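Architecture and fold: a report
Chain by chain, the residues run as shown.
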Amino acid sequence: MAPRTVDFHNHVIPPPAVASLRRAGNPFEADERDGTIQHHDGIAFPMAPEMHDVEEKLRSLDARGLELAVVSPSPTLLGCNHPADEALEACRILNDGLLEMVAEAPDRLRPMAAVPLQDAEQAVAEMERMAAAGCRSVMVGTFATGWRLGQPSLRPFWRRAQELDLLVFLHPFFVGAKPGMEHHYLTNLAGNPLETALAMADIVLSGVLDELPELKILLAHGGGYAPYQYGRIRHGHEVREEVRTDEPHDPFDHLRSFYFDTITHSAQALDFLVRFAGADRVLVGTDLPFDMADFDPVGTVDSVALTRRDRDLVLAGNALRLLGEESGSHETRSKELTV
Ligand SMILES: [Zn+2]
């Protein structure tokens, strides 16, 4: 029977990455000590057992009524602001370990690969490698010092993602001190939703979706601030010439390229999101096992009045469609996939 609940936003730190984090000079620019991951740029968080232990991950899913999870590496480890070769090495360690973890529970877990964007050619190669290994989605950082997602040099990455029919998950990440956000955890609380909103606006206004209308992009944390203020992008597009330079069409024409997870921590916000995007564009995410996770994802979906059909879409249907598993076709799809 097809899973009835799917979590599309769930993180791991595979055992080979944990081992690497314990070695000096690793490509993550972070260390693991006494059960804590300590990034050199300042962020630290506890290493929850479910990050690297598949049995613990399954127990966590069971406790929250989740039958399937698409697991991705912890976004802090993508090396989004590191040199290209270092970031690629980090992502390869994460991705190889990710495949091993998923292979331990093929009926409960699906892999979402991490792809570094510092070098478009490297990004395409790593994405192709992981698509051939069975990934139906990849995760990238929203942006970093020195590059942004809509810039022309990254177009080959987006083009190949569309060709391979891969969902691209945009995840904000910590890149050290951000002016004005040094206190009260604002880098996460306000910085993350801002990063996501910026990334969405940049992709749309750079004309990426004009060239690649079949591209599918998942935005973390309910799309951050983007859904609530998307009308502002449209208004700016109407009244200011520089906004239209690379994208002549109404920004709302491209809205259906985007998917949004349910992590809003507010029934009102989720209700708005479903109306804004459509129930066929919203899917369950948790962000487990981080402390900013939604610990009751099914309850979150049920906090919004949805029709039976829409509830089923948000809980599992949309995710299964993106995974190519609407009718339990996972095995066939993986075997047929070639790049
Ligand atoms: Zn996350």
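What you are looking at is a predicted structure, and each value in this text was computed from that prediction instead of being measured. (Residues numbered from 1 in each chain as written. Predicted model: local features only at pLDDT ≥ 70, side-chain atom pairs only at ≥ 80, totals over all residues. Heavy atoms only, no water.)

**Focus on the overall build of the protein chain**
Cut-off, in case you're wondering: Helical segments are the DSSP runs of H or I of at least four residues, strand segments are the runs of E of at least two, and each set is numbered from the N terminus. All radius of gyration figures rest on C-alpha atoms, and the globule criterion is 2.2 Å times the number of residues raised to 0.38. The classification of residues rests on relative accessible area computed with a 1.4 Å probe and restricted to protein chains. Under 20% of the type maximum is buried, over 50% is exposed, and intermediate values are partly exposed. Computed with a 1.4 Å probe, the accessible areas rest on the Shrake-Rupley method; for each residue, only the protein chains presented here act as cover. As used throughout, the charge tally considers Lys and Arg to be positive and Asp and Glu to be negative, leaving His and the chain termini uncounted. By convention, the charge on Lys lies at NZ, on Arg at CZ, on Asp at CG and on Glu at CD.
Helix and strand content of the protein chain: 12 helices and 13 strands. Against the globule reference of 20 Å for 339 residues, the protein chain gives a C-alpha radius of gyration of 19 Å, in line with a compact fold. When the backbone C-alpha atoms are referred to their principal axes, the protein chain occupies close to 55 × 45 × 45 Å. Within the protein chain, buried positions represent 58% of all 339 residues. Of the roughly 14300 Å² that the protein chain leaves accessible, carbon and sulfur atoms contribute 51%. On the protein chain, the mean spot of the 31 positive side-chain charges and the mean spot of the 52 negative ones are 4 Å from each other.

**Comments concerning the confidence of the model for the protein chain**
Rules: The predictor attaches a confidence to each residue, and that confidence, scored 0 to 100, is pLDDT. Whether two residues are in contact is decided by their heavy atoms, any of which lying within 4.5 Å being enough.
For the protein chain, the average pLDDT comes to 93, and 94% of its residues sit at 70 or higher. Across residues 332-339, confidence stays below pLDDT 50; counting only partners more than four residues off in sequence or on other chains, it has 11 contacts.

**Notes on the packing of aromatic side chains**
Definition in use: The pairing test for Phe, Tyr and Trp rings, Trp by its six-membered ring, is centres within 6.5 Å, and the orientation test on the planes gives stacked under 30 degrees, edge-to-face over 60, and tilted for anything in between. In this scheme, the term charge over a ring applies when either NZ of a lysine or CZ of an arginine sits within 6 Å of the ring centre and within 35 degrees of the ring normal.
For the structure on display, the rule yields 8 aromatic pairs. Taking 5.1 Å as the distance between ring centres and 70° as the angle between the ring planes, the aromatic pair formed by Phe157 and Trp158 counts as edge-to-face. Taking relative accessible area as the criterion, Phe157 reaches 0% and is therefore assigned buried. Here Trp158 falls in the buried class, since its relative accessible area comes to 0%. For the ring pair Phe272 and Phe276, a centre distance of 5.9 Å and an interplane angle of 25° mean the geometry is stacked. Placement of the pair is Phe272 and Phe276 together in helix H9 (residues 267-277), with a separation of 4 residues, close to one helical turn. Members of the aromatic cluster, joined through ring pairs, are Tyr228, Tyr230, Phe252, Phe260, Phe272 and Phe276. For the cation-ring pair, Arg234 lies above Phe252, with the distance from its terminal atom to the ring centre recorded as 3.9 Å.

**Focus on helix H8 (residues 226-239)**
Residues that lie three or four places apart on an α-helix share one face, since the helix turns once every 3.6 residues. Quick note on the threshold: One fewer than the residue count of a helix, multiplied by 1.5 Å, yields its expected span. Read the arc as the range of directions from the helix axis to the C-beta atoms.
Here H8 spans 19 Å end to end across 14 residues, near enough to the 20 Å set by a 1.5 Å rise per residue. Those residues of H8 that fall on the buried side of the exposure criterion are Ala226, Pro227, Tyr230, Gly236 and His237. Viewed along the axis of H8, the buried residues span an arc of 125°, placing them on a single side of the element. Away from its buried face, by an angle of more than 90 degrees, H8 presents the exposed residues Tyr228, Arg232, Glu238 and Val239. Tucked inside the fold, the buried residues of H8 contact helix H6 (186-205), strand E12 (258-261) and H9.

**Focus on the coordination of the zinc ion**
This is how it is decided: Donor atoms: N, O and S within 2.8 Å of the metal, or within 3.2 Å for Na, K and Ca. Because water is excluded, sites can look incomplete. Angular criteria define each label, namely tetrahedral for four donors with all angles between 85 and 135 degrees, square planar for four and octahedral for six donors with opposite donors over 155 degrees apart and remaining angles between 65 and 115, and irregular for whatever fails these tests.
Those donors, His9 (NE2), His11 (NE2), His171 (NE2) and Asp287 (OD), are the protein atoms that reach the zinc ion, and they lie 2.0 to 2.1 Å from it. Metal-centred angles of 90 to 156° between the 4 donor atoms at the zinc ion mark the site as irregular. Spacing between the donor residues of the zinc ion along the chain follows H-x1-H-x159-H-x115-D. Taken together, the residues His11 in strand E1 (residues 6-12) and Asp287 in the loop between strand E13 (282-283) and helix H10 (297-302) connect sequence positions 276 residues apart. Note on accessibility: His11 and Asp287 belong to one class, buried.

**Brief notes about the packing of H6 against H8**
Stated formally: For every element, the axis is a line fit to its C-alpha atoms; helices are fit only across the contacting stretch, and the angle between N-to-C directions ranges from 0 to 180 degrees. Each helix crossing is assigned a hand: it is left-handed if the near helix lies turned anticlockwise from the far helix by less than a right angle, otherwise right-handed if that turn is clockwise. Three categories are distinguished: nonpolar for Ala, Val, Leu, Ile, Met, Phe, Trp, Tyr, Cys and Pro, charged for Asp, Glu, Lys and Arg, and polar for the others, with Gly belonging to the last.
Between H6 and H8, the least distance of the axes is 11 Å, while the angle of their chain directions is 35°. When you trace H6 past H8, the crossing you get is right-handed. Facing Ala197, Met200, Ala201, Val204 and Leu205 of H6, the residues of H8 in contact are Ala226, Tyr230, Ile233 and His237. Taken together, the residues of the contact of H6 with H8 break down into 8 nonpolar, 1 polar and no charged.

**Section: the pairing of strand E3 (residues 36-39)**
Going by this rule: Note on pairing: two strands pair once DSSP finds at least 2 bridges between them.
Side chains Ile37 and His39 of E3 all project onto a buried face; the interleaved residues Thr36 and Gln38 project onto a face where none is buried. Here strand E2 (residues 30-33) pairs with E3 via 4 bridges, running antiparallel. When the sheet's bridge partners are listed, Arg33 is paired in E3 with Thr36. Between E2 and E3, which follow one another and run antiparallel, lie 2 residues, and Asp34 among them has a positive phi close to 50°. Where E3 meets strand E4 (residues 44-46), 3 bridges bridge the pair, whose relative direction is antiparallel. Each bridged residue has a counterpart across the sheet, and for Thr36 the counterpart in E4 is Pro46.

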